[in-house]
Amino acid sequence: MSEHEIAAPDALSRLRPPYKSVLDLIGQTPVVELTKFDTGKCRLFIKLESQNPGGSIKDRIALSMIAAAEREGKLRRGGTIVEATAGNTGLGLAQVGIPKGYRIVLVVPDKMSREKIQHLRALGAEVRMTRSDVGKGHAEYYQDMAEKIAAETPGAFYANQFANPANPLAHETTTGPEIFSQLDGDVDAVVVGVGSGGTLTGLGRYFAKVSPKTEMVLADPVGSVLAPLIKTGKMEEAGSWTVEGIGEDFVPPNADLSLVKRAYAIPDKQSMLAVRDLLSKEGILAGSSSGTLLSAALRYCREQTVPKRVVTFVCDSGNKYLSKVFDDFWLAEQGLAEQEQHGDLRDLVM
Ligand code: PMP
């Protein structure tokens, strides 16, 4: 008999009666311990935000930003929600906003996966693609474009996850307490990425209140300005990176970097290998940003000299990246494949 089984009928009492809406499934995501990696003296846990109905951590902030805008009168019946997004915040906003009758207009940089764009359009969102290779201040930069569209559209609300206080608040009031309870109030470190900074700031604020020993650890892609800024205090020029949803070319108002105790800059190749390992070793299908978080978490764990309990995230589902990080040919084309895989692919091609 297997060690793992689907719950027998007598254990089914923990199942909930039918939900009224799929939106009631947002949050309360499970945590799994990773046991197949070398975690040194640490125990490493991963919270599966991929289990949210929109497949990412961003469902939480979509709910909170729309509720706050309605409460504050910034969003009225028949209004338009505009956002700049790597895709996931847009998915959350569309999922929450479209059934309420809002029009959703999203500006998405063109490096984001086809799966996310298809999912957005199928939900009924209007997607405007723009350049990934320009920075803040450029008319085609996704955030500048979204702000302009919102300013020119009557009845529009610019959700602006980068500065909207309802973003970190969602994590301070839901994600943080969930982690603390799931880890029995004993958490030494939380490893996060920064896209808007909502996760970092919300969790940092929550743990500062309930568990001052908990360290916030930043996982940042090489090319982003954040890890170098924390390490050297200097704002470098941004490079480019392939992982989606984390890494920045500026410091978003929602990112309180003073909360970060330790920062790691992770090369794309390492992120891609880590996320592939997460699937092949643990059976967890995660997006590319989760590879960056896992790599940083493993580095942090292996540096510890005393046992610690560390938690990180699967920020979104790997289903959104089947044509990218889970496609060996795409990885090889990007120069991100493992050396052996290069060899395999060359053999195939020859
Ligand atoms: N991972 C993914 C896949 C994302 O889309 C995002 C947000 N764009 C993040 C992580 C980062 O989270 P936050 O915006 O809270 O900093």
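Note: the structure precedes this text.
Just so we're clear, the structure is a prediction, and the values are computed from it rather than from any experiment. (Residues numbered from 1 in each chain as written. Predicted model: local features only at pLDDT ≥ 70, side-chain atom pairs only at ≥ 80, totals over all residues. Heavy atoms only, no water.)

When you go through the protein chain residue by residue, the secondary structure sums to 11 helices and 10 strands. Expected size for 350 residues packed as a compact globule is a radius of gyration near 20 Å; at 20 Å, the protein chain falls within 12% of this value. Taken over the C-alpha atoms alone, the protein chain extends approximately 55 × 55 × 45 Å along its principal axes. Sorting the 350 residues of the protein chain into buried and exposed places 55% on the buried side. Across the protein chain, contacts joining residues at least 24 apart in sequence account for 71% of those joining residues at least 6 apart. Carbon and sulfur atoms make up 52% of the accessible area of the protein chain, which totals about 16000 Å². (Helix = DSSP H or I, 4+ residues; strand = E, 2+ residues; numbered from the N terminus. Rg over C-alpha atoms; globule rule 2.2 N^0.38 Å. Buried < 20%, exposed > 50% of the residue type's maximum accessible area, 1.4 Å probe, protein only. Contact = heavy atoms within 4.5 Å. Areas by Shrake-Rupley, 256 points an atom, 1.4 Å probe, with all protein chains shown as cover.)

Let's shift gears to the site of the ligand. Taken together, 15 residues form the shell around the ligand, and within it Lys58, Gly195, Ser196, Gly197 and Thr199 come nearest. With respect to the ligand, the side chain of Thr199 contributes an N or O atom lying 2.5 Å from an oxygen atom. The side chain of Ser289 places a nitrogen or oxygen atom 2.9 Å from a nitrogen atom of the ligand. Considering only residue class, the shell around the ligand consists of 3 nonpolar, 9 polar and 3 charged. (Near = heavy atom within 4 Å. Polar contact = N/O pair within 3.5 Å; in protein donor to acceptor, adjacent residues only side chain to side chain. Nonpolar A, V, L, I, M, F, W, Y, C, P; charged D, E, K, R; others polar.)

In this fold, Arg309 is placed in strand E10 (residues 309-314). Within the structure, Arg309 has its side chain in polar contact with the backbone oxygen of Leu183 (distance 2.9 Å).

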